[in-house]
Amino acid sequence: LGVARRASPARLVIALGVAAMLAVFLVYTSIAGGTPQLRPSELNGRTGEVALVGKVVGRVTGNARENGLRFRLRDVEGKTAVPVVYRGSVPDMFRTGRDISLKGELKNGTFVGKSGTLVTKCPSKYTDKKQS
Amino acid sequence: MPDLGRAALIVCLGLAVYAVVAGAFAASTRRRRLAESAENAILASFLAALVASCVLLSALLRHDFSFVYVWRHTSLELPRPYTVSAFWGGQEGSLLLWLLVLTGFSAAAVLLGRRSAPSLLAWTVPVLGAVTVFFSFLLVAVASPFATQAAPADGLGLNPSLQNPYMLAHPPFLYLGFVGLTIPFAFAMGALAARRSDELWVVITRRWTLVAWMLLGFGQLLGAHWAYVEVGWGGYFAWDPVENAALMPWLAATAFLHSVMIQEKRGMLKIWNVLLVVGAFALALFGTFLTRSGILSSIHSFTESSIGPWFLGFIGVVVAGSTALILSRLPLLRSKTRLESPVSREATFLYNNLLLVAFCLTILWGVAYPILTEALRGEPVTVGPPYYNFFLKAFGLPLLILMGIGPLIAWRRASLRGLGRIFAWPLGVAVASGVLLLALGAGSSIPGLVGYTFCVFVLASIVLEFVRGTRARQALSGGSGPAAFAQLVGRNRRRYGGYVVHASIVLLAIGVIGSSAYDTTREQRLQPGESMTVRDYTLTYQGTTQERGPNAVELRALVDVERDGERLGTMRPGKNSYLAEQQVSNESAIRSDRLNGEDLFLIAEQLQPGGPVFLKALVKPLVNLIWIAGFVFVGGALIALWPDAREQRRLALRYGRAEALARA
């Protein structure tokens, strides 16, 4: 850091501080882990919580505040789809054809979404002409 | 018209290439007239970018749907202010805005630099030109805003979420901040290329960084307020990769603004400071890359576009080039003095820097984690808000306490007895406040209680500094208290502007802690006539209204609000159905209490005319302090930035000789 190279207690304190911070950081990251992000085609047999990313296809039925919103989620570039049921807040732009992400887990062949994790990706900004 | 726009961009590219080639040749062969010609090319590139921008703006205002960009981002029904904001609503337009701001800042840097540091400009101009080459090349060859088609009858419209007054200001402020970081980077690289070992570039770089940092910070707060009032989930920051992308360069610039004081005062941390300037600029580019590459899953980052790899390549060039330059100039960057004690002002600034950079790297790690895990394990793994919130507390709370300690502690070396004398008063006030808050029930959140106690400590330190300084000034020159206070601030603008910025960060912290650690949320399905309670509010759903707005059908739930038996009025949460865009947008209702800074936030879901509503009510204590903090922040930064004739004379005396030597 530009500190002169003679032995200095300050340098030791700083070095220990940095090392402690890194240690806390690495321990936390390894313990807390994260959420795997999968496509519907990668979901087969998977247990535990994952973030599922895909495109909403077919008809959307049900009610997100009562028996649950039901739809199918397909790979953005692929054909494998999985049925999804979700209860909770639904973003404004959710509809058939949108790319979405939601957290949850696979139960009896249906992906059960976790409340408040449904995110709709914005379609209008920063895309190539050919993709819109 | 589109031909004029395309031609202006090609001219801009040509001028930028000339500025790079002629500027570098002039700097290496010391040809002054050629260097001036390269500087003029930078000035002219701004005019070319301005012409291109005027062409696009004119097409937007005329609803000229023969421009593909205008067709894709506007419609005949779109209100005029949003027709203007569509300029930066899409990829090509936002890149053009980036180029306009870049060339504008570059022209300002050249004009100001000609007066204050002409010799520094020699190598700075080619660097500014190189960045301009990149952006104008993208607009000419990869993402042109001037593509045309047979004009359709109407356009596709603008994303409803972007149809909000904050979207008129939030993106331009962010761009001003992002792009503004180019200028400190160019001066730092220019000084290194010219083998300058004096601190003049540091003074210039600090000012430009302060400008960019202020704009970026304010832009982020505007974005947070937009998210709060428009996105309608009751929050203002979600640790989304793109939000993080704006926060990272701001943190790096914050670290630089502190450590640069050590370089100016003590001649230390030279390498560290250059690295921070390069890091802030590279992180600004990285943020743009994230937004446009589609590499990460985010509410902002959208499907893959073709400019992502170009940005990645440019970031690689910037990082590799600047690292090579720094390594080749290491002897020039050796420190003249050493850190004398771990208990001194420079040491606290150093700890502050380490925490800021550690927090910045932690965020970078979180953002890059899905990319790294996909590369290593075959599937991306994301880290969410708990990860970031943990580190916000782990690094944010020590940073808060350092903000109170740093300004009061002595340079070089401080004694323990001296520390006790200085901190007795702020510490006493903080402990007393902590006990009082505990008695009032703030112990329901321990991090919240600790945070508030730290905030009181910092505020008490700041007040103490102002009181001491005013008294000393009064003793020195007499006069009234207010006059002495005005003199104090006027004669030490950097220092006291900095304290005002610190006060704004404390306000921000109080608002964030209040609204996140002490908030209340309730959800309930209500039929017309039914009521629910949240905290001390009683909410009664009376029914619905429906009106035709300028470009949407507006359905609203009528919710009467009472508190302690007193009727406070009717709130109208609901949804808008946008006609041209064929989209529905939730419209939350917010009631702010000016006395205690608290918000009552209502979201109406599952709303149908005359039917029941699923009402979500949030009470967010002190949240309004966050927005007030934005204005205090800008006020403090402007005080620190305001030109000071005494300082100018001091600098002219100190660096006049270096300038003369460099020009000889």
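What counts and how
- Residues numbered from 1 in each chain as written.
- Chains lettered and ligands numbered in written order.
- Predicted model: local features only at pLDDT ≥ 70, side-chain atom pairs only at ≥ 80, totals over all residues.
- Heavy atoms only, no water.
- 1 Å grid on protein atoms, 1.4 Å probe; cavity = no way out; pocket = protein on both sides within 12 Å on 5 of 7 lines; lining within 4 Å.
- Points joined across faces, edges and corners; volume = space filled by probe spheres on them.
- Helix = DSSP H or I, 4+ residues; strand = E, 2+ residues; numbered from the N terminus.
- Contact = heavy atoms within 4.5 Å.
- Polar contact = N/O pair within 3.5 Å; in protein donor to acceptor, adjacent residues only side chain to side chain.
- Patch = residues over 30% accessible without salt bridge, like charges linked within 9 Å, V, L, I, M, F, W, Y side chains within 5 Å.
- Areas by Shrake-Rupley, 256 points an atom, 1.4 Å probe, with all protein chains shown as cover.
- Salt bridge = Lys/Arg side-chain N within 4 Å of Asp/Glu carboxyl O.
- Lys, Arg positive; Asp, Glu negative; His and termini not counted.
- Charge placed at Lys NZ, Arg CZ, Asp CG, Glu CD.
- pLDDT = per-residue confidence, 0-100.
- Pairing = 2+ DSSP bridges.
- Axes fitted to C-alpha atoms, helices over the stretch in contact; angles between N-to-C directions.
- Buried < 20%, exposed > 50% of the residue type's maximum accessible area, 1.4 Å probe, protein only.

Undergrad: So what about empty space enclosed by the protein? Which residues, and what values?
TA: All names here are of chain B. A complete count under the given rule lists four cavities of 30 Å³ or more for this structure. The space that makes up the second largest cavity amounts to roughly 50 Å³. R196, S197, D198, E199, W201, Q263, K270, L332 and L333 are the residues that line the second largest cavity.

Undergrad: Pulling in residues and values, what's your account of the environment of E39 of chain B?
TA: Residues and elements named next belong to chain B. Within the fold, E39 resides in helix 2 (residues 32–61). Setting aside residues up to four positions removed in sequence, E39 forms contacts with V110, R114, L121 and V125. Here the side chain of E39 touches R114 through a polar contact of 2.7 Å, side chain to side chain.

Undergrad: So, a positive patch on the surface: which residues are in play, and what are the values?
TA: All names here are of chain B. A contiguous patch of positive charge on the surface is contributed by K265, R491, R646, R649 and R650. Among the elements that make up the positive patch, the one with the highest residue count is helix 20 (residues 645–663) (three residues). Take R650: it is sitting in helix 20.

Undergrad: How would you sum up the confidence of the model for chain B? Please name residues and give values.
TA: Do not read the predicted coordinates in detail wherever pLDDT is low. Averaged over chain B, the pLDDT score is 87; the fraction of residues at 70 or greater is 96%. Taken over the whole predicted complex, pTM reads 0.87, whereas the ipTM for its chain interfaces reads 0.71.

Undergrad: Quick rundown of the pairing of strand 9 (residues 589–592) of chain B? Include the residues and the values.
TA: All names here are of chain B. In terms of strand pairing, strand 9 meets strand 10 (residues 599–605) through four bridges, oriented antiparallel. Opposite R591, over in strand 10, you have L600 as the bridge partner. What sits between strand 9 and strand 10 in their antiparallel hairpin is a turn of six residues, with G597 showing a positive phi close to 70°.

Undergrad: Go over the sheet that holds strand 11 (residues 613–620) of chain B with me, naming the residues and quoting the values.
TA: Residue and element names in this part refer to chain B. Spatial strand order, 2-11-10-9: four strands in an open sheet with antiparallel pairing. Every other strand in the sheet has two partners, leaving strand 2 (520–526) and strand 9 as the edge strands with one partner each. In this sheet, adjacent strand axes meet at a mean angle of 15° when their direction is disregarded.

Undergrad: Report on the pattern of salt bridges, specifying residues and quantitative values.
TA: With the rule as written, the count across this model stands at 17 salt bridges over all chains. Among the salt bridges present, the one from K55 of chain A reaches D99 of chain A, with a minimum N-O distance of 3.1 Å. Of this pair, K55 of chain A sits in strand 2 (residues 50–63) while D99 of chain A is found in strand 5 (residues 99–107), placing the two residues 44 residues apart along the sequence. Ionic contacts of the salt-bridge type, sharing partners, join the residues R206, E264 and R494 of chain B into one network.

Undergrad: Describe in detail unusual backbone geometry, supporting the description with residues and values.
TA: All names here are of chain B. Phi is positive for R195, close to 55°, though the residue is something other than glycine. Locating R195 in the fold gives a position in the loop between helix 8 (182–193) and helix 9 (200–231). Judged by its relative accessible area of 54%, R195 is exposed. Phi at L622 is positive, roughly 65°, even though this residue is not glycine. Following the sequence through the fold, L622 ends up in the loop between strand 11 and helix 19 (624–641).

Undergrad: How would you explain the environment of V202 of chain B if you had to name every residue and give the values?
TA: Mapping V202 of chain B onto the fold places it in helix 9. Along the chain, V202 of chain B and A557 of chain B lie 355 residues apart, while their C-alpha atoms are 57 Å from each other.

Undergrad: Just give me the short version of a nonpolar patch on the surface, but keep the residues and values in it.
TA: A cluster of nonpolar side chains, namely M1, L4 and V51 of chain B, defines an oily patch on the protein surface of about 250 Å² accessible area. Relative to the assigned elements, V51 of chain B resides in helix 2.

Undergrad: Pulling in residues and values, what's your account of the environment of M261 of chain B?
TA: Residues and elements named next belong to chain B. For M261, the position within the fold is in helix 10 (residues 241–266). For M261, a relative accessible area of 26% puts it in the partly exposed group. The residues contacting M261, other than those within four sequence positions of it, are F349, W411 and R494.

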